[in-house]
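Examination of the molecular architecture
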Amino acid sequence: MLLPDAALLAELSGYAHDLGKGNVRFQKKLRGEVEASDAIRHETLSAWILDAMRATGSPFCPESLLNAWKQIAGTLPKDRERIPFGDTMASAMDVVLWSVLTHHGALGGKLGNPHAVRLRPHAEVPWDPENLLLKGSPFSDDTHDASRWHDLLDAMERIRLRTENLDQPPSYWEAVLWITRAALILADHRISSQTFLGERGTIQVFANTKPREVSPEKKSHRGKPRKAAKEPQRYLDQPLSWHLTEVGKLAKEYVRLFSFDDLPSLSETTVEAILAQRASSKDSRFYWQDLAVDAVRDLPGSTLVFNIASTGAGKTLGNLKIACALRPDHQRLAVAFNLRTLTTQTYRAYAEHVRVPDPAGFRRDFACLLGERNGLPQDFSLEDEDDVNQEEELDITGAELALPSWLSSLATHLPSKTLAKLVAAPVLVSTIDWIVAAGEPGEQARHAQALLRVCSSDLILDEVDSYDAKAAVAVMRVIQTAAMYNRNVIVSSATLNPVLAQGIVEAFVAGQRMYAAASGNAKWHMALVSDVLPPVVAQPESA
């Protein structure tokens, strides 16, 4: 039920995510009539509006929306830091409220206890409750836009009725939230980058603006430049009702990305070729790999593997063989490194040692991604849709493959064709700075994109002892994310310390707990492999 529930809640989140933009002051800001800062962020207002609408128990309709606006305009001056949900993810509506409130990075993107982080209204912006009222009466006229508002609220009411009585534990809703929020962010970025092609003449409430094209400089009959009339640098673009409707519909479609239907995987012949590379004798320094492969082969559930083989013992290829032994069918891998040099070296090692029958098979199945940001964090908490038109350039090699039909159709809506390749490639060898965003909700679109990859792949993390404390915590969040989707995780280091190992185990267990809540399956294993000791496999009693 997780994906169907996530699809419904992503759709509702999209319909509601920017309701707060309808206020008088935000509309003045779009028209350049007031300064850019808001007394209250629009996504915060959106969450409060939705919370006020659901609190009455009345159907979602124009009247309930207007009443919600009036309510918050009257109560917020004394309650400007209120967070509209409790300490736990207790219901489907909590998932929607979390997604709406954090879709621009509010709370730092932290999907934990919201009351540990304060909302920060702009104290320097003059406070006027009248500015928080909905601008005009956008659904009272006999216009196409008014009809669109009515259809939007009808759709919201339909989903409210279908989800209000869903009863699941908090761990289940936490797992749903990761998908719902990621789908919302991807959809919001995609729709915001488009230009509205309909009539704008009677529209009262807009969602965003676009830069106005600068026309070539005109000259007078004497050859001198004419003095151009002053025009605003940006123009009002998407009606808010249209923007909300389109984001909701696309967010629902984006949940399909997390179903991983028919995603390309390593071929059976390639997996067999990898596993067929065994040591020539028990005296070989690579014989430990054969023991490790035999120990973990076909273990049910997901497995956390610690590979502490010595430097020079062949951990790179050993990890690949272990991964294929754990999941010989439909094997997909994400392999992450701290350094670009190690990333390219591993990609070349795979190219040299993986015996693919088809010469073009390696370029088809293996991709290499080199990040450009050196893992530096960015603050997305003040972004608006006007800020997200530029897509990140990604340096990717390989992945020369045909996309599944369903992914091809969605790829026309994805931020870039490169992202579709990153999702589809059976094996992705990448710098950690891109992969780590899967566990960093505050990274916004980068988080959503990396999440698509991590939750559809088993994970190999090499040289985990090379990270500082802050980076190690970020890596643990990636491990938790992978475990939440029942993926195998192989952690490799010749010098793994006990404290780091304990943190990795706890992160994996936390992810498995959410997976168990969503699936009812709590079976998983932990393995320790080395070139100096026999492999050890254990099955903990529970997560």
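The residue numbering used here restarts from 1 in each chain and proceeds along that chain's sequence as written. Per-residue local features of the predicted model are confined to residues with pLDDT of at least 70, and side-chain atom pairs are confined, for both listing and counting, to 80 or more; whole-chain, interface and lining totals are unaffected and use all residues. Side-chain measures here rest on the full set of heavy atoms in the structure, leaving out hydrogens and waters.

**A few points about the environment of His330**
- Secondary structure elements are defined from DSSP: runs of H or I of at least 4 residues count as helices, runs of E of at least 2 residues count as strands, and each element is numbered from the N terminus. Mapped onto the elements, His330 comes out in the loop between helix H11 (315–326) and strand S4 (333–337).
- For His330, a relative accessible area of 38% puts it in the partly exposed group.
- Taking the C-alpha atoms as reference points, His330 and Leu266, separated by 64 residues in sequence, lie 6.5 Å from one another.
- Contact between two residues is taken to exist if any of their heavy atoms lie within 4.5 Å; hydrogens are not considered. When sequence neighbours within four positions are dropped, the list of residues in contact with His330 reads Leu263 and Ser265.
- Whenever a nitrogen or oxygen atom comes within 3.5 Å of another N or O atom, the pair is scored as a polar contact, on the condition that within protein one atom can donate a hydrogen and the other can accept it, and that pairs from neighbouring residues in sequence are kept only if both atoms are in side chains. Polar contacts involving the side chain of His330 include one to the side chain of Ser265, which spans 3.4 Å. Burial classification: accessible surface area is computed with a 1.4 Å probe over protein chains only, and a residue below 20% of its type maximum counts as buried, one above 50% as exposed, and the rest as partly exposed.

**Comments concerning the packing of aromatic side chains**
- Working definition: a ring pair exists when centres of Phe, Tyr or Trp rings (six-membered ring for Trp) sit within 6.5 Å. Plane angles under 30 degrees give stacked, over 60 give edge-to-face, the rest tilted. Tallied over the entire structure, the rule returns six aromatic pairs.
- A centroid spacing of 5.3 Å and a plane angle of 50 degrees characterise the contact between Tyr347 and Phe362, whose relative ring orientation is tilted. With Tyr347 in helix H12 (residues 340–353) and Phe362 in helix H13 (residues 361–365), this residue pair connects regions lying 15 residues apart in the sequence. Accessibility classification places Tyr347 together with Phe362 in one group, the buried group.

**Some thoughts on the packing of helix H7 (residues 170–192) against helix H17 (residues 445–454)**
- Between N-to-C directions, angles cover 0 to 180 degrees, with each direction set by a line fitted to C-alpha atoms, over the stretch in contact for helices. At a minimum axis separation of 9 Å, H7 and H17 run at an interaxial angle of 120 degrees. Classified by the interaxial angle, the pair formed by H7 and H17 is oblique. As H7 packs across H17, the resulting crossing turns out to be left-handed. For the pair formed by H7 and H17, the contact residues are Trp178, Arg181, Ala182, Ile185, Leu186 and His189 on the first element and Ala445, His447, Ala448, Gln449, Leu451 and Leu452 on the second. Roughly parallel covers angles under 35 degrees, roughly antiparallel covers those over 145, roughly perpendicular covers 65 to 115, and oblique covers all other angles. In this scheme the crossing of two helices becomes right-handed for a clockwise turn of the near helix relative to the far one and left-handed for an anticlockwise turn of less than a right angle.

**With respect to the pattern of salt bridges**
- A pairing counts as a salt bridge when a side-chain nitrogen of Lys or Arg comes within 4 Å of a carboxyl oxygen of Asp or Glu. Inspection of every chain in the model, using the stated rule, returns 18 salt bridges.
- Across the pair Asp145 and Arg148 runs a salt bridge, and its minimum N-O distance is 3.0 Å. On the criterion of helical spacing, the pair formed by Asp145 and Arg148 is a turn pair, its members being three residues apart in helix H6 (residues 144–163). Comparing Asp145 with Arg148, the two get one shared label, buried.
- For Asp237, the salt bridge identified is with Lys210, shortest N-O distance 2.7 Å. Pair noted here: Asp237 is in the loop between strand S2 (234–236) and helix H8 (240–254) and Lys210 is in strand S1 (residues 209–211), with a separation of 27 residues, a long-range link.
- With relative accessibility at 0%, the residue Asp237 sits in the buried group.
- The class for Lys210 is buried, based on a relative accessible area of 5%.

**Considerations on the confidence of the model for the chain**
- Within the chain, residue pLDDT values average 82, and 80% of them lie at 70 or more.
- Predicted confidence is poor over residues 112–123, with pLDDT under 50, and the contacts of this stretch with residues over four places away or in other chains come to 32 contacts. Note: pLDDT gives the predictor's confidence per residue, expressed from 0 to 100.

**Examining the environment of Val293**
- With respect to the helices and strands, the residue Val293 is situated in helix H10 (residues 287–296).
- Given the relative accessible area of 2%, Val293 is considered buried.
- Sequence separation between Val293 and Val529 is 236 residues, and the spatial gap between their C-alpha atoms is 9.5 Å.
- Those residues in contact with Val293, other than ones at most four positions away along the chain, are Leu275, Arg278, Lys321, Ile322 and Ala325.

**A closer look at the pairing of strand S3 (residues 302–307)**
- In terms of burial, S3 is a largely internal element, six of the six residues being buried.
- Here S3 shows two buried faces, one formed by Ser302, Leu304 and Phe306 and the other by Thr303, Val305 and Asn307.
- At least two bridges found by DSSP between two strands is the condition for calling them paired. Here S3 runs beside strand S10 (residues 524–529); their pairing, made up of six bridges, is parallel. For Thr303, the partnering residue across the bridge sits in S10 and is His525.
- Alignment of S3 against strand S9 (residues 489–492), held across four bridges, turns out to be parallel. Within the sheet, the bridge partner assigned to Phe306 lies in S9 and is Val491.

**Here we look at the environment of Phe206**
- Inspection of the secondary structure assignment puts Phe206 in the loop between H7 and S1.
- Once the C-alpha coordinates of Phe206 and Gly22 are considered, the two residues, 184 residues apart in sequence, prove to be 7.4 Å apart.
- Apart from the residues lying within four places of it in its own chain, the contact partners of Phe206 are Lys21, Gln27, Leu30, Arg31, Arg200, Leu236, Asp237, Gln238, Pro239 and Leu240.

**Quick look at the packing of H11 against H12**
- Contact geometry of H11 with H12 gives a least axis separation of 10 Å together with a crossing angle of 70 degrees. It follows that H11 is roughly perpendicular to H12 by the angle criterion. Note that H11 runs across H12; the crossing there is right-handed. Residues Thr316, Leu317 and Leu320 of H11 lie in contact with H12, whose contacting residues are Thr346, Tyr350 and His353.
- Here the contact of H11 with H12 is built from residues that sort into three nonpolar, three polar and no charged. Throughout, the ten residues Ala, Val, Leu, Ile, Met, Phe, Trp, Tyr, Cys and Pro are labelled nonpolar, Asp, Glu, Lys and Arg are labelled charged, and all others, Gly among them, are labelled polar.

**Looking at a negative patch on the surface**
- Taken together, Glu268, Glu272, Asp298 and Asp329 make up a surface patch of like negative charges.
- Here Asp298 is to be found in the loop between H10 and S3. Like-charged residues within 9 Å of one another, or nonpolar side chains (Val, Leu, Ile, Met, Phe, Trp, Tyr) within 5 Å, are grouped into patches, provided each residue has over 30% relative accessible area and no salt bridge. Under the convention used here, a 1.4 Å probe and the Shrake-Rupley method define accessible areas, while residue burial counts only the protein chains that appear. Asp and Glu are treated as the negative residues and Lys and Arg as the positive ones, with His and the ends of the chain left uncounted. Every charge is mapped onto a representative atom, which is NZ of Lys, CZ of Arg, CG of Asp or CD of Glu.

**Side note on helix H19 (residues 498–519)**
- Taking 1.5 Å per residue, 22 residues should reach 32 Å; H19 reaches 31 Å between its end C-alpha atoms and fits that length.
- The residue sitting at the N-terminus of H19 and contributing the capping side-chain oxygen is Asn497; that oxygen lies 3.1 Å from the backbone nitrogen of Val499.
- Following H19 by one or two positions, Gly520 adopts a phi angle in the positive range, close to 80 degrees. To estimate how far a helix should reach, multiply one less than its number of residues by 1.5 Å.

**Concerning the pairing of S4**
- S4 sits mainly inside the fold: five of its five residues count as buried.
- Neither face of S4 is exposed, since Leu333, Val335 and Phe337 on one face and Ala334 and Ala336 on the opposite face are all buried.
- In terms of strand pairing, S4 meets strand S8 (residues 458–462) through four bridges, oriented parallel. When the bridges of S8 are listed, Leu333 appears paired with Asp458.

**Overview of the side chain of Asp145**
- Owing to a relative accessible area of 4%, Asp145 belongs among the buried residues under this scheme.
- Side chain to side chain, Asp145 and Arg148 meet in a polar contact 3.0 Å long.
- One polar contact links Asp145 to Ser241, side chain to side chain, over a distance of 2.4 Å.
- Sequence-distant contacts of Asp145, that is, excluding residues within four places in its chain, are made with Pro138, Ile203, Pro239 and Ser241.

**Focus: the nonpolar core**
- Buried Ala, Val, Leu, Ile, Met, Phe, Trp, Tyr and Cys residues form a nonpolar core when they are joined through side-chain atoms within 4.5 Å. In terms of nonpolar packing, the biggest core is built from 78 residues, with Leu65, Met156 and Phe258 touching the most fellow members.
- Among the secondary structure elements, those contributing two or more residues to this core are helix H1 (2–16), helix H3 (42–55), helix H4 (62–75), helix H5 (92–102), H6, H7, H8 and H17.
- It is H7 that provides the largest number of residues to this core, a total of 13 residues.
- Among all residues touching Leu65, those that are not within four sequence positions of it are Leu19, Ile49, Met53, Phe139, Trp149 and Leu153.

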